[in-house]
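What follows is each chain in one-letter form.
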Amino acid sequence: MEREVRLKRLHFRSWHRGTREADNMIGGFFDKWGQSWTDAEINWFEKLLEEEDVDIMAWAIGKQPPPAPFQTNQMVAMQKLDYFDFTK
(Lines give C-alpha, C1' and ligand atoms only; values in the text may rest on other atoms or scores of the structure.)
Protein backbone atom coordinates (compact mmCIF):
# COMPACT_ATOMS: atom_id res chain seq x y z
CA MET A 1 0.00 0.00 0.00
CA GLU A 2 2.77 2.46 0.85
CA ARG A 3 4.24 1.99 -2.62
CA GLU A 4 0.97 2.99 -4.30
CA VAL A 5 0.69 6.08 -2.11
CA ARG A 6 4.27 7.07 -2.94
CA LEU A 7 3.65 6.58 -6.65
CA LYS A 8 0.47 8.67 -6.57
CA ARG A 9 2.31 11.43 -4.73
CA LEU A 10 5.16 11.29 -7.23
CA HIS A 11 2.74 11.39 -10.14
CA PHE A 12 1.18 14.56 -8.79
CA ARG A 13 4.53 16.18 -8.00
CA SER A 14 5.99 15.30 -11.39
CA TRP A 15 3.04 16.85 -13.26
CA HIS A 16 2.74 20.01 -11.14
CA ARG A 17 6.16 21.55 -11.47
CA GLY A 18 5.19 25.08 -12.48
CA THR A 19 5.88 25.17 -16.20
CA ARG A 20 4.43 23.17 -19.05
CA GLU A 21 7.91 22.20 -20.23
CA ALA A 22 8.94 20.82 -16.85
CA ASP A 23 5.57 19.11 -16.42
CA ASN A 24 5.91 17.38 -19.79
CA MET A 25 9.52 16.36 -19.27
CA ILE A 26 9.35 15.20 -15.67
CA GLY A 27 5.74 14.02 -15.73
CA GLY A 28 6.19 12.22 -19.04
CA PHE A 29 9.26 10.45 -17.70
CA PHE A 30 7.35 9.36 -14.60
CA ASP A 31 4.37 8.16 -16.64
CA LYS A 32 6.55 6.00 -18.87
CA TRP A 33 8.71 4.40 -16.18
CA GLY A 34 7.35 5.08 -12.69
CA GLN A 35 5.22 1.96 -12.28
CA SER A 36 8.19 -0.31 -13.01
CA TRP A 37 10.65 1.32 -10.61
CA THR A 38 12.20 -0.45 -7.68
CA ASP A 39 12.12 1.15 -4.24
CA ALA A 40 15.65 2.46 -4.81
CA GLU A 41 14.60 4.04 -8.10
CA ILE A 42 11.58 5.62 -6.43
CA ASN A 43 13.91 7.05 -3.77
CA TRP A 44 16.12 8.47 -6.54
CA PHE A 45 13.16 10.14 -8.23
CA GLU A 46 11.91 11.59 -4.94
CA LYS A 47 15.33 13.18 -4.44
CA LEU A 48 15.35 14.40 -8.05
CA LEU A 49 12.04 16.19 -7.51
CA GLU A 50 13.65 18.20 -4.72
CA GLU A 51 15.94 19.81 -7.31
CA GLU A 52 15.14 22.92 -9.33
CA ASP A 53 13.30 22.32 -12.60
CA VAL A 54 15.87 24.26 -14.62
CA ASP A 55 18.61 21.99 -13.30
CA ILE A 56 16.66 18.78 -13.95
CA MET A 57 15.88 19.93 -17.48
CA ALA A 58 19.51 20.94 -18.13
CA TRP A 59 20.70 17.51 -16.99
CA ALA A 60 18.06 15.75 -19.10
CA ILE A 61 18.92 17.60 -22.30
CA GLY A 62 22.67 17.42 -21.71
CA LYS A 63 23.32 21.12 -21.15
CA GLN A 64 24.90 20.38 -17.77
CA PRO A 65 26.24 17.17 -16.29
CA PRO A 66 24.11 15.90 -13.44
CA PRO A 67 25.66 15.79 -9.97
CA ALA A 68 27.08 12.41 -8.95
CA PRO A 69 23.98 11.23 -7.02
CA PHE A 70 21.92 11.62 -10.19
CA GLN A 71 24.37 9.96 -12.59
CA THR A 72 22.44 6.72 -12.80
CA ASN A 73 20.72 4.54 -15.37
CA GLN A 74 17.54 6.45 -14.59
CA MET A 75 19.17 9.69 -15.70
CA VAL A 76 20.39 7.96 -18.85
CA ALA A 77 16.78 6.92 -19.51
CA MET A 78 15.57 10.46 -18.84
CA GLN A 79 18.17 11.84 -21.25
CA LYS A 80 16.75 9.73 -24.11
CA LEU A 81 13.71 12.01 -24.16
CA ASP A 82 11.69 9.21 -25.76
CA TYR A 83 8.81 9.55 -23.32
CA PHE A 84 7.21 12.75 -24.60
CA ASP A 85 3.62 12.57 -25.73
CA PHE A 86 3.44 15.24 -28.39
CA THR A 87 -0.32 14.79 -28.76
CA LYS A 88 -1.01 16.60 -25.46
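Residues numbered from 1 in each chain as written. Predicted model: local features only at pLDDT ≥ 70, side-chain atom pairs only at ≥ 80, totals over all residues. Heavy atoms only, no water.

Brief notes about the overall build of the chain
A count of helices and strands for the chain gives 5 helices and 0 strands. If you list the helices and strands of the chain from N to C, you get α-α-α-α-α. Taken over C-alpha atoms, the radius of gyration comes to 12 Å for the chain, in line with the 12 Å a tight globule of 88 residues would show. Considering the chain as a whole, with its 88 residues, one finds that 39% of them fall into the buried category. In the chain, of all internal contacts separated by at least 6 residues, the share reaching a separation of at least 24 is 56%. Here the chain displays about 5600 Å² of accessible surface, and carbon together with sulfur accounts for 54% of that area. In the chain, 12 positive and 15 negative side-chain charges are present, and the distance between their average locations comes to 2 Å. (Helix = DSSP H or I, 4+ residues; strand = E, 2+ residues; numbered from the N terminus. Rg over C-alpha atoms; globule rule 2.2 N^0.38 Å. Buried < 20%, exposed > 50% of the residue type's maximum accessible area, 1.4 Å probe, protein only. Contact = heavy atoms within 4.5 Å. Areas by Shrake-Rupley, 256 points an atom, 1.4 Å probe, with all protein chains shown as cover. Lys, Arg positive; Asp, Glu negative; His and termini not counted. Charge placed at Lys NZ, Arg CZ, Asp CG, Glu CD.)

Concerning the side chain of Asp53
If you trace the backbone, Asp53 turns up in helix H4 (residues 53-61). Setting aside residues up to four positions removed in sequence, Asp53 forms contacts with Arg17, Ala22 and Ile26.

Section: the packing of helix H2 (residues 20-33) against H4
Where H2 contacts H4, the axes come no closer than 10 Å and their chain directions differ by 55°. By the angle between their directions, the pair H2 and H4 is classed as oblique. Two packed elements cross with a definite hand, and for H2 against H4 that hand is left-handed. Contacts between H2 and H4 involve Glu21, Ala22, Met25 and Ile26 from the first element and Asp53, Ile56, Met57, Ala60 and Ile61 from the second. Here the contact of H2 with H4 is built from residues that sort into 7 nonpolar, no polar and 2 charged. (Axes fitted to C-alpha atoms, helices over the stretch in contact; angles between N-to-C directions. Parallel < 35°, antiparallel > 145°, perpendicular 65-115°, else oblique. Left-handed = near helix turned anticlockwise from the far one by under 90°. Nonpolar A, V, L, I, M, F, W, Y, C, P; charged D, E, K, R; others polar.)

A short note on the side chain of Asp23
In this structure, Asp23 sits in helix H2. For the buried residue Asp23, which engages in no salt bridge, the nearest side chain bearing the opposite charge is Arg17, 5.9 Å off. Residues within four places of Asp23 in sequence aside, it is in contact with Ser14, Trp15, His16, Arg17, Gly18 and Gly28. (Salt bridge = Lys/Arg side-chain N within 4 Å of Asp/Glu carboxyl O.)

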